[in-house]
Amino acid sequence: MIENLNNRERTHSCGELRKEHVGQRVTLMGWCARRRDFGPLTFIDLRDRGGITQIVVNQEKAPNAHAKAKEIRNEYVIAAIGEVVLRDEDSRNRNLETGEVEVQATEIVVLNDSRPLPFQLEPDLRERVRDLRRVEGEDPDSSVSERIREPRKPSTQGLASEDLRLKYRYLDLRRPQLQANLRLRHRVVLEINRYMDERGFTHIETPNLIKSTPEGARDYIVPSRVQPGKFFALPQSPQIFKQICMIAGLDKYYQIARCFRDEDLRADRQPEFSQLDVEMSFPTPEQIYKLIEGLFVRIFQLIGAELQTPFPRFTFAEVMSRFGSDKPDLRIEGMELQDLSSALAETTFAPYASVLAAGGEVKGIVIPDGATMSRKSLDELQEFAKRYGAGALAWIKLGDELSSSLMKALGNDKVIDLAGVAGAQKGDAVLIVAGKSDIVAASLGALRNEIARREKLIPESVFAPLWVTEFPMFQFHEDDRRYYSMHHPFTSPLDEDVALLERAVNGETELFGQLRAKAYDTVINGVEVAGGSIRIHRRDVQSLVFKALGMTEETARARFGFFLDALAYGTPPHGGIASGIERTLMVLVPTENIRDVMAFPKTASAQDLMIDAPGEVDPKQLEELHLRIAEA
Ligand code: ASP
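All values derive from a computational prediction rather than experimental measurement.

Trainee: Now, about the nonpolar core: what can you tell me, with residues and values included?
Mentor: In terms of nonpolar packing, the biggest core is built from 41 residues, with Met196, Phe296 and Phe300 touching the most fellow members. Listing elements by their share of this core, those giving two or more residues are helix H6 (176–198), strand E10 (272–281), helix H8 (285–301), strand E20 (519–524), strand E21 (527–534) and helix H18 (581–588). Ignoring any residue separated from it by four or fewer positions in sequence, one finds phenylalanine 296 in contact with Leu307, Phe311, Thr522, Ile524, Val529, Ala530, Ser579 and Thr584. In this structure, Leu466, Tyr483, Leu511 and Leu564 belong to the second largest nonpolar core, which totals 37 residues.

Trainee: Quick one: what's the story with the packing of helix H7 (residues 239–247) against helix H17 (residues 553–567), residue by residue and with numbers?
Mentor: Two elements in contact, H7 and H17, have axes whose closest approach is 10 Å; the angle formed by their N-to-C orientations is 25°. Comparing their axes, H17 and H7 come out roughly parallel. Here H7 runs over H17; the crossing is left-handed. Between H7 and H17, the residues in contact are Ile240, Gln243, Ile244 and Ile247 and Phe560, Phe562, Phe563, Ala566 and Leu567, respectively. Among the residues forming the contact of H7 with H17, the class breakdown is eight nonpolar, one polar and no charged.

Trainee: Explain the pattern of salt bridges to me, and be specific about the residues and the numbers.
Mentor: It is possible for side chains bearing opposite charge to pair when their charged atoms get close. In the structure shown here, the tally under the stated rule is 49 salt bridges. Aspartate 172 is the salt-bridge partner of arginine 169, the closest N and O atoms lying 3.5 Å from each other. With a gap of three residues between them, arginine 169 and aspartate 172 both fall in helix H5 (residues 169–172), about one helical turn apart. Across the pair, exposure class does not vary: arginine 169 and aspartate 172 are buried alike. We note a salt bridge from aspartate 329 to arginine 331, for which the minimum N-O separation is 2.8 Å. Assigned by exposure class, aspartate 329 and arginine 331 land together as buried. In the salt-bridge network here, residues are joined through shared partners; they are Glu191, Arg194, Glu198, Arg199 and Arg298.

Trainee: Go over the pairing of strand E14 (residues 394–398) with me, naming the residues and quoting the values.
Mentor: Summarising burial for E14: five of the five residues are buried, a large majority. With burial as the criterion, each face of E14 is covered, one bearing Ala394, Ile396 and Leu398 and the other bearing Trp395 and Lys397. Where E14 and strand E16 (residues 429–435) come together, four bridges link them in antiparallel fashion. Its bridge partner lying in E16, lysine 397 is registered against alanine 429. The pairing of E14 with strand E15 (residues 402–404) spans three bridges and is antiparallel. By the bridge assignment, lysine 397 is partnered in E15 with serine 403.

Trainee: So what's going on with the sheet that holds strand E12 (residues 338–339)? Which residues, and what values?
Mentor: Taken in spatial order, the five strands line up as E12-E13-E16-E14-E15 in an open sheet, and their pairing is antiparallel. Both outer strands of the open sheet, E12 and E15, are each paired with one neighbouring strand and no more. The sheet contact formed by strand E13 (residues 361–367) and E16 spans seven bridges and is antiparallel. Among the inter-strand pairings, glycine 364 is bridged to a residue of E16, identified as isoleucine 432.

Trainee: Residue-level account of H17, with values.
Mentor: Between the first and last C-alpha of H17 there are merely 16 Å, a value that for 15 residues lags more than 12% behind the 21 Å anticipated at 1.5 Å per step. The largest bend along H17 measures about 90° and falls at phenylalanine 560. Those residues of H17 that fall on the buried side of the exposure criterion are Ala556, Phe560, Gly561, Phe563, Leu564, Ala566 and Leu567. On its buried face, H17 is in contact with H7 and helix H16 (539–548).

Trainee: Would you mind going over the packing of H6 against H18 in detail, with residue names and values included?
Mentor: At a closest axis distance of 11 Å, the pairing of H6 and H18 adopts a crossing angle of 120°. Viewed along their axes, H6 and H18 adopt a mutual orientation that is oblique. Relative to H18, the crossing made by H6 is right-handed. Facing H6, whose interface residues are Asn181, Leu184, Arg185, Val188, Val189 and Ile192, H18 presents Ile581, Glu582, Leu585 and Leu588. Grouping the amino acids of the contact of H6 with H18 by side-chain chemistry returns seven nonpolar, one polar and two charged.

Analysis parameters
- Residues numbered from 1 in each chain as written.
- Predicted model: local features only at pLDDT ≥ 70, side-chain atom pairs only at ≥ 80, totals over all residues.
- Heavy atoms only, no water.
- Core = buried A, V, L, I, M, F, W, Y, C linked by side-chain atoms within 4.5 Å.
- Buried < 20%, exposed > 50% of the residue type's maximum accessible area, 1.4 Å probe, protein only.
- Helix = DSSP H or I, 4+ residues; strand = E, 2+ residues; numbered from the N terminus.
- Contact = heavy atoms within 4.5 Å.
- Axes fitted to C-alpha atoms, helices over the stretch in contact; angles between N-to-C directions.
- Parallel < 35°, antiparallel > 145°, perpendicular 65-115°, else oblique.
- Left-handed = near helix turned anticlockwise from the far one by under 90°.
- Nonpolar A, V, L, I, M, F, W, Y, C, P; charged D, E, K, R; others polar.
- Salt bridge = Lys/Arg side-chain N within 4 Å of Asp/Glu carboxyl O.
- Pairing = 2+ DSSP bridges.
- Expected span 1.5 Å × (residues − 1).
- Bend = angle between axes of the 7 residues up to and from the residue.

The following block contains the structure:
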């Protein structure tokens, strides 16, 4: 029954036919999304990446085609040849863009069959195709405002489990939503290439088999066959190479680079991902901000959104104290963290007194109209806050009657005082956390997002970009009680902090926490879409930073000797940034699942279920690589 394509050629895609094609003889090819049998009439929804067209096969007019159509099952690949006819006004398929017409097939060619699918591709395909074309903005006729007005979040409703879909990724990828995402991704990358080229940047590929470049994750390592016992690392980013490009005088570098990081996966992380990687010589941070703002303006225009520039700027200290996050979602109005510490300076309430005595703080956020929150929601939020390290979540409700979990401990007047300091109005609620400042920030920051999400306070189709600047140079890790670079070890301290760095390295370790870096992130809608820094271009300062990170001179030489040498040959001041392609796509689509914007993603446990990787290798391969698997 399977026939050859021979010299048949497609004349149109399945999303193309309209009224003006009526009367034309066309050849469409695609997959049978659905077949409906009404005795002498068989209807086929024929799908390709362009959309869906209804094919009608009439037993009387085309008996052969009709007989074949009866054999066709879902996902068979067919060609339908016939005439475009107009459908009656009242029987139009309003859900299909091609719904005004259908193809009266005179010939059906079965190009391939298909096993029954292990899962249904998509519950309501027709509906979906129509909406996607809008979101994607591919249709030149649909106006920009129409596209923005009707955003469509990828919904997983009615879909099979993700693991099953990942195993059969080639089937899942037939879903119009994923195809639209991948096409948008293509257009984003294309736009990046155009934009960077217009500004004189050169796309330079850097190697994937390298020596470790620390970005804070574990490396994926690759054993060398020809150098027994030696290993390459896959790049966590092209960081050192792009800096070396500047030392080489290449001046303006960019790359859509593949990066590999072996770290605990979260919803927005994958072991391998792509980033736009940028470096330039003699830049001020201002030039980098302008470059990246211009780029995001162009990228967001692809979905019909206008970003306003310049993006507002906040220092790290400011966002942490106001929003409790270094990637605040500025679409959320208000609900900023309010410091209640001084209002409690005299308190005898032991939990708060001890926190304050230990240099901690007490802060709260006001939930507009939150006084009606149930006990149950408050308990849930309490559990939620605990996940971020909060010991407890206190609350005040300014309902018809004042109520508060702190009433007994602090008394009526103090509770009213605190609500006032927090800026709460009648009808609001205040949620309060006490503790070390990082825990207070993390838990209230997360609560701010969570409550906004639950209460639907986040407007859709709004994009709120910002810069976060002046990140700390170092972060203290409690587990091994040492400082790590907050960005990476090649990030320059603020000029005015270099002297402090020297003092810190020479014994005044309490200064480490105060050092600020020339580092910056771009955040849009609570997602860190780019991050970078002005680099250290002086060998002496670079050595100081390695020392600050606990590296002896020998270790620094063993790991980065080539780079320290390179810095000694006329390194220009330089700096750059990198922007995650997947993260950016997640904001554009929008989706919270990074796997929606990649063709072949891995699971949260870093496996590829389709190709079944990672897998074992032949003992012979291990032998060639001089490796032995240790007994568990
Ligand atoms: N290499 C950094 C990263 O991958 C970006 C940069 O500093 O340019 O996050």
